[in-house]
Amino acid sequence: MRILLIEDDAVLGEAVRDYVAGLGHAVDWMQALEDARTAVSTVAYDLILLDLRLPDGSGLSLLSDLRRSGAATPVIILTAHDQISDRIEGLNSGADDYLVKPFNLGELGARMLAVSRRYAGAAVPVLEAGPLTIQLADRRVLREGEPVDLSSREWAVLARLAARPDAIVSKGQIEEALYAFGSEIESNTVEVYVSRLRKKLGKGCVETLRGIGYRLGR
């Protein structure tokens with residue numbers, strides 16, 4: 001997923017960024033509200049991790065603006081506010097989940113997965129596609145019952161396609177899943193990783209629709 005982390009605390013922000021990136025996601029980390037507003041106006045994120053107390057305003061104002069604009073991007077609030085009234089306000093403003101600091105990074109990962117599954121409409125995150133079994137929760141793929149090792153970027157491409165198995169995914173959407181701000185994007189990067197997936201999973205695992213995008217093989 002392409003994830004926006006909004007957190008002004010340098011130590012916590014670095015820990016969350018490194019953990020989430022270690023799960024295979026692309027992470028953009030913003031430490032100020034205005035920078036976060038610019039980011040959400042530029043990129044279609046799959047998930048936002050939102051701190052409430054920011055140096056130039058409240059994260060709730062960004063959340064409220066997102067929901068008023070019709071944006072359905074899932075949002076998990078990360079905050080030191082531990083009063084029940086604060087949690088209610090955050091959820092009523094449109095948050096999908098709420099974690100009180102300090103929190104366990106493993107729990108954050110589990111909540112991210114649960115929220116993304118709800119939005120994808122997949123309560124059981126296992127997909128069968130021909131000879132492939134794609135286990136989204138465990139980040140595993142089996143080919144005819146045998147596990148196949150994928151790099152984090154190979155998995156990112158496969159997971160983006162598996163999240164919408166009947167849809168055509170554009171090259172740009174796959175690039176967003178691969179890279180965060182500041183990362184260099186080569187013109188043929190997507191083609192390289194699709195080729196690697198075909199070598200490992202079979203030629204039919206990814207369909208190419210010329211000039212349109214890619215789709216998980218039927």
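Residues numbered from 1 in each chain as written. Predicted model: local features only at pLDDT ≥ 70, side-chain atom pairs only at ≥ 80, totals over all residues. Heavy atoms only, no water.

**Some points on the pattern of salt bridges**
According to the stated counting rule, one finds 14 salt bridges in the structure shown. One salt bridge in this structure joins Glu107 and Arg111, with 2.8 Å as the shortest N-O distance. Taken as a pair, Glu107 and Arg111 lie in helix α5 (residues 105-120) at a separation of four residues, close to a single helical turn. What makes Glu107 partly exposed here is its relative accessible area of 33%. On the accessibility criterion, Arg111 (24% relative accessible area) is partly exposed. Here Glu207 ties to Arg215 by a salt bridge, and the two come within 2.9 Å at their closest N and O atoms. You can call Glu207 partly exposed: its relative accessible area is 23%. Taking the relative accessible area as the measure of exposure, Arg215 reaches 17% and is therefore buried. (Salt bridge = Lys/Arg side-chain N within 4 Å of Asp/Glu carboxyl O. Helix = DSSP H or I, 4+ residues; strand = E, 2+ residues; numbered from the N terminus. Buried < 20%, exposed > 50% of the residue type's maximum accessible area, 1.4 Å probe, protein only.)

**Here we look at the pairing of strand β1 (residues 2-6)**
Counting buried positions over the five residues of β1 gives five, a clear majority of the element. Across five bridges, the pairing between β1 and strand β2 (residues 26-30) is parallel. From the neighbouring strand, Leu5 faces β2, where its bridge partner is Trp29. Pairing of β1 with strand β3 (residues 47-50) involves four bridges; the strand directions are parallel. (Pairing = 2+ DSSP bridges.)

**Details of the domain arrangement of the protein**
Domain annotation of the protein identifies domain 1 (2-120) and domain 2 (126-216). Between the C-alpha centres of domain 1 and domain 2 the distance comes to 26 Å. Across the contact, 15 residues belong to domain 1 and 13 residues belong to domain 2. For the domain 1 and domain 2 pair, buried surface summed over both sides reaches about 960 Å², with 53% attributable to carbon and sulfur atoms. Taking the shortest distance from any N to any O, the salt bridge between Arg160 and Asp46 comes out at 2.5 Å. One can count one residue pair in polar contact (both at pLDDT 80 or more) joining domain 1 with domain 2. Among the elements of the structure, β2 and α5 are those that each provide at least two residues to the side of domain 1 that touches domain 2. Tallying contributions element by element places β2 first for the side of domain 1 that touches domain 2, with four residues. Broken down by class, the residue content of the side of domain 1 that touches domain 2 amounts to ten nonpolar, one polar and four charged. (Domains from an automatic or database assignment. Contact = heavy atoms within 4.5 Å. Buried area = accessible area lost by both parts, 1.4 Å probe. Polar contact = N/O pair within 3.5 Å; in protein donor to acceptor, adjacent residues only side chain to side chain. Nonpolar A, V, L, I, M, F, W, Y, C, P; charged D, E, K, R; others polar.)

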